[in-house]
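Geometric and topological summary
Here are the chains, one letter per residue:
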Amino acid sequence: MLAWLTARGTKRRRWIACGLGVGLPVLVLLALVLACLINAWSVSEPDWHYQLRPSGSGHLINDSLFEERLGRFQAALRIPTISVDARNLNESALEEFKNFLQTSFPRLHGGNEDKITCEVVSNYSFLYEIKGSDESLTPYLLAAHLDVVPVEEDKWNYDPFEAMKDGEYIYARGAFDDKHAVMGILEALDYFLFTKNESVKRTFYVGIGHDEEVSGRQGAAKIAEVLHNRGVKTMDFVLDEGFVVLTNALPGVQVPVALVGVSEKGYAEVSVSVDGVSGHSSMPPKESAIGIISKAVSRLEAYPQPHFFDSSSVEYTTLETAAPHSSFLYKLIYSNLWLFKNIVSNQFLESASTAATVRTTTAPTLFNAGYKINVVPSTATAYINHRVHPKQTIEDVLEYDREVIGDSRVNVTLNTDTYIRPHPISPYGPDSPQYKLLARSILEVFPQSFVAPGTMIATTDTKYYLNFSKNVYRFAPTFLDIEDMPRLHGHDERIRVENYREVVDFFFRLMVNANQVNARPLHVHARNEL
Ligand SMILES: CCCCCCCC/C=C\CCCCCCCC(=O)N[C@@H](Cc1ccc(O)cc1)C(=O)O
Ligand SMILES: [Zn+2]
Ligand SMILES: [Zn+2]
């Protein structure tokens, strides 16, 4: 009897133990699933974002003015201001563009010195100063560039300098990068100062460089110098080209995201070279210089630089911000990144554009070796263009390259004339009036979108303006579907005609809003007002 009871007791304990062993993890799992589902169900746009949304919308620019503006934009696109390299700019086109701006916007270029002055910098760049009445307000800077990259004309379906309008789009080199901003800013400025006759409280500057596509050293760099020499030390914020309003860029997000570049990746040109033995091609060495460098490059591609995605990354916030605008599956993922961050990070690595936001990229872009078919060359050099993630230093990147190549015969050398360190991260939270001003202006023109921060993956002229402000943003008010990415610096570059109207509206609204900051509080409304 006793034995039976003991056996029963043991059995029960075993059952309990087994129940606990299986049941507890199941319970924990259920609680986890429930917590994730609750997070997904309850995710909503944060109040401060919501408050920035306008209560009404509507274009300010009337149609007859818009047709004129469109005509001027097309005229700007027809001038081939191509930069090939720093010593090879199209100077006659730059001269023509200068005259074009001066005759298209006469009120901005003389006779109204009480409101606006314009200085031509390095022959072809422009610096406008719009003087405000309240010297206690810190000025801001809007930047853009008027040069464009070269074209492979035979690959285009349209003449890249005809600015053909097919009803929906205008096709031209520079339509997207970056003449829409040059013309959009100046149209908005002319309208703001002379049509609307706004009284300017806050001084602001417009800097238009002419060589951004080949370094910006004569344009933006000199504009920065002129500003510095005039005694301008601080800007409230700086806005230049960069990210845009993107569609289909984030997995699971159907709504356009207006991505604001709050930081910028660094830039490094690295040569990977070997100095070996030359010889007759009939008796080749086991390993030629070309073979050694090919292997090095192939290893650099096979073992990419580390990737970074955690709660301290800007991209983490990008996705948290996207959560309320995502499909349910992605709401679940983006509102529970603490659990799903590795899955997300791996998904980001699958596509070139999102991978570029989470790691230092490695692009072999030039390869020099050999000079005759029957001579084994003693040297070979490959050039690698790195875009450096803000979580790494340039030194980290070089060390990683050397380790991956793992061959002491290969020299890995940084071009010390051209490198740029990753930019600091500008504020992008609810406590940043400058970010909110930008977000508000974006939402006024693109109410169907949401605004999120991102790390700019290419370099911009902002590198020359970093000392003026801790609030440096990289954003252009253009729409880009991720499928259209190859048109950028590629063939058949285009902009939607209606988008150009939004471009002008955006810069106008930004000027109006920036004039009001600190002069009167931004209009905020409760959720139920909408
Ligand atoms: C989660 C986010 C997904 C991100 C998807 C990415 C979308 C990208 C969208 C828009 C990008 C628009 C970029 C326009 C600006 C390009 C600026 C540029 O090309 N800069 C040159 C400057 C340069 C550098 C070195 C030179 O020798 C010459 C010029 C660049 O190559 O960086
Ligand atoms: Zn550009
Ligand atoms: Zn460009």
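Located above this text is the structure these notes cover.
Quick summary incoming for the structure in this document. Note that the structure is predicted; figures quoted are calculated from it, not measured.

1. What to know about the packing of aromatic side chains
- All chains considered together, the criterion is met by 21 aromatic pairs.
- On the numbers, 4.8 Å between centres and 10° between planes, the contact of Y140 with F204 is stacked. Of this pair, Y140 sits in strand β5 (residues 140–145) while F204 sits in strand β8 (residues 204–209), and the two are 64 residues apart along the sequence.
- Residue classification places Y140 among the buried positions, given a relative accessible area of 1%.
- A relative accessible area of 1% means that F204 is categorised as buried.
- Ring pairing ties together the aromatic residues Y140, Y191, F192, F204, F237 and F508, which thus form one cluster.
- When the ring centre of Y169 is taken as origin, the NZ or CZ atom of R494, which lies over that ring, is 3.8 Å away.
- If you follow R501 out to its NZ or CZ, it ends over the ring of F66, 4.3 Å from the centre.

2. Examining the site of ligand 1
- The immediate surroundings of ligand 1 are formed by 21 residues, with E213, G242, R387, T459 and H489 found nearest.
- The separation between an oxygen atom of ligand 1 and a polar side-chain atom of R387 is 2.7 Å.
- Within the backbone of T459, an N or O atom sits 2.8 Å from a nitrogen atom of ligand 1.
- For ligand 1, whose accessible area on its own is 800 Å², the fraction buried by protein is 86%.
- Of all the elements in the fold, those that place two or more residues in the shell around ligand 1 are β9 (238–247) and α11 (352–358).
- When residues of the shell around ligand 1 are assigned to their parent elements, the largest contribution, four residues, is made by β9.
- When the residues that make up the shell around ligand 1 are grouped by side-chain class, the tally is eleven nonpolar, six polar and four charged.
- Mapping the shell around ligand 1 onto the domain boundaries places at least three of its residues in each of domain 1 (66–262 + 424–529) and domain 2 (263–414).

3. Comments concerning empty space enclosed by the protein
- Taken as a whole and judged by the stated rule, the model has one cavity of 30 Å³ or more.
- Put simply, the largest cavity is a space of about 50 Å³.
- Considering the residues around the largest cavity, the lining is formed by A143, A181, I185, L239, D240, E241, F475, A476, P477 and F507.
- Mapped by element, the contributors of at least two residues to the lining of the largest cavity are α5 (179–195), β9 and β18 (472–481).
- The residue makeup of the lining of the largest cavity, split by class, is eight nonpolar, no polar and two charged.

4. A word on the packing of helix α8 (residues 314–322) against helix α10 (residues 337–350)
- Packing of α8 against α10 leaves a shortest axis separation of 12 Å and a crossing angle of 105°. With respect to α10, the element α8 is oriented roughly perpendicular. Along its contact with α8, which presents Y316, L319 and E320, the element α10 presents L337, W338, K341, V344 and F348.
- Of the residues belonging to the contact of α8 with α10, the class tally is six nonpolar, no polar and two charged.

5. Considering the coordination of the zinc ion (ligand 2)
- Around the zinc ion (ligand 2), the donor atoms from the protein are H145 (NE2), D177 (OD), E241 (OE) and E241 (OE), and they sit 1.9 to 2.6 Å away.
- Coordination at the zinc ion (ligand 2) is irregular: its four donor atoms span angles of 53 to 155° at the metal.
- Here the donor residues for the zinc ion (ligand 2) map to a single chain with the spacing H-x31-D-x63-E.
- In this structure, the zinc ion (ligand 2) lies 3.3 Å from the zinc ion (ligand 3), and both are coordinated by D177. Of the two residues, D177 is situated in the loop between β7 (169–171) and α5 and E241 in strand β9; the sequence distance between them amounts to 64 residues.

6. Details of the coordination of the zinc ion (ligand 3)
- In the first shell of the zinc ion (ligand 3), the protein supplies D177 (OD), E213 (OE), E213 (OE) and H489 (NE2), at 2.0 to 2.6 Å from the metal.
- Bound by four donor atoms, the zinc ion (ligand 3) shows angles of 54 to 149° at the metal and therefore irregular coordination geometry.
- When the donor residues of the zinc ion (ligand 3) are listed from N- to C-terminus, their spacing reads D-x35-E-x275-H.
- Relative accessible area serves as the criterion here: at 18%, E213 is assigned to the buried category.

7. Examining helix α13 (residues 433–445)
- In a regular helix each residue adds 1.5 Å, so 13 residues correspond to 18 Å; α13 covers 19 Å between its end C-alpha atoms and thus fits that length.
- In terms of burial, α13 is largely enclosed, as eleven of its 13 residues are buried.
- When α13 is considered as a whole, its buried residues turn out to be Q434, Y435, L437, L438, A439, R440, S441, I442, L443, E444 and V445.
- Turning to α13, the residues buried within the fold contact α2 (47–52), β9, β10 (257–264), β17 (450–456), β18 and α14 (497–516).

8. Comments concerning the sheet that holds strand β11 (residues 266–275)
- Ordered by their spatial adjacency, four strands build an open sheet running β13-β15-β11-β16, and the pairing between neighbours is antiparallel. The open sheet has two free edges, formed respectively by β13 (361–369) and β16 (410–414), since each of these has just one partner strand. In this sheet, adjacent strand axes meet at a mean angle of 20° when their direction is disregarded.
- The pairing of β11 with strand β15 (residues 379–388) spans ten bridges and is antiparallel. By the bridge assignment for β15, S271 is matched with Y383.
- Sheet contacts for helix α7 (residues 289–302): β11, β13, β15 and β16; angle to β15, the most-contacted strand, approximately 15°.

9. Some thoughts on the nonpolar core
- Ranked by size, the top nonpolar core spans 76 residues in total, and within it Y128, L142, L189, L239, F507 and M511 carry the most contacts.
- Those residues in contact with M511 that lie beyond four places of it in its chain are Y140, L142, I185, A188, L189, F192 and F204.
- Judged by nonpolar contacts, the second largest core, of 27 residues, contains F243, F340, V358 and A452.

Definitions and cut-offs
Residues numbered from 1 in each chain as written. Chains lettered and ligands numbered in written order. Predicted model: local features only at pLDDT ≥ 70, side-chain atom pairs only at ≥ 80, totals over all residues. Heavy atoms only, no water. Phe/Tyr/Trp six-rings, centres within 6.5 Å; stacked < 30°, edge-to-face > 60°. Helix = DSSP H or I, 4+ residues; strand = E, 2+ residues; numbered from the N terminus. Buried < 20%, exposed > 50% of the residue type's maximum accessible area, 1.4 Å probe, protein only. Lys NZ or Arg CZ within 6 Å of the ring centre and 35° of its normal. Near = heavy atom within 4 Å. Polar contact = N/O pair within 3.5 Å; in protein donor to acceptor, adjacent residues only side chain to side chain. Areas by Shrake-Rupley, 256 points an atom, 1.4 Å probe, with all protein chains shown as cover. Nonpolar A, V, L, I, M, F, W, Y, C, P; charged D, E, K, R; others polar. Domains from an automatic or database assignment. 1 Å grid on protein atoms, 1.4 Å probe; cavity = no way out; pocket = protein on both sides within 12 Å on 5 of 7 lines; lining within 4 Å. Points joined across faces, edges and corners; volume = space filled by probe spheres on them. Axes fitted to C-alpha atoms, helices over the stretch in contact; angles between N-to-C directions. Parallel < 35°, antiparallel > 145°, perpendicular 65-115°, else oblique. Contact = heavy atoms within 4.5 Å. Donors = N, O, S within 2.8 Å, 3.2 Å for Na, K, Ca; no water. Tetrahedral: all angles 85-135°; square planar, octahedral: opposite > 155°, others 65-115°. Expected span 1.5 Å × (residues − 1). Pairing = 2+ DSSP bridges. Core = buried A, V, L, I, M, F, W, Y, C linked by side-chain atoms within 4.5 Å.

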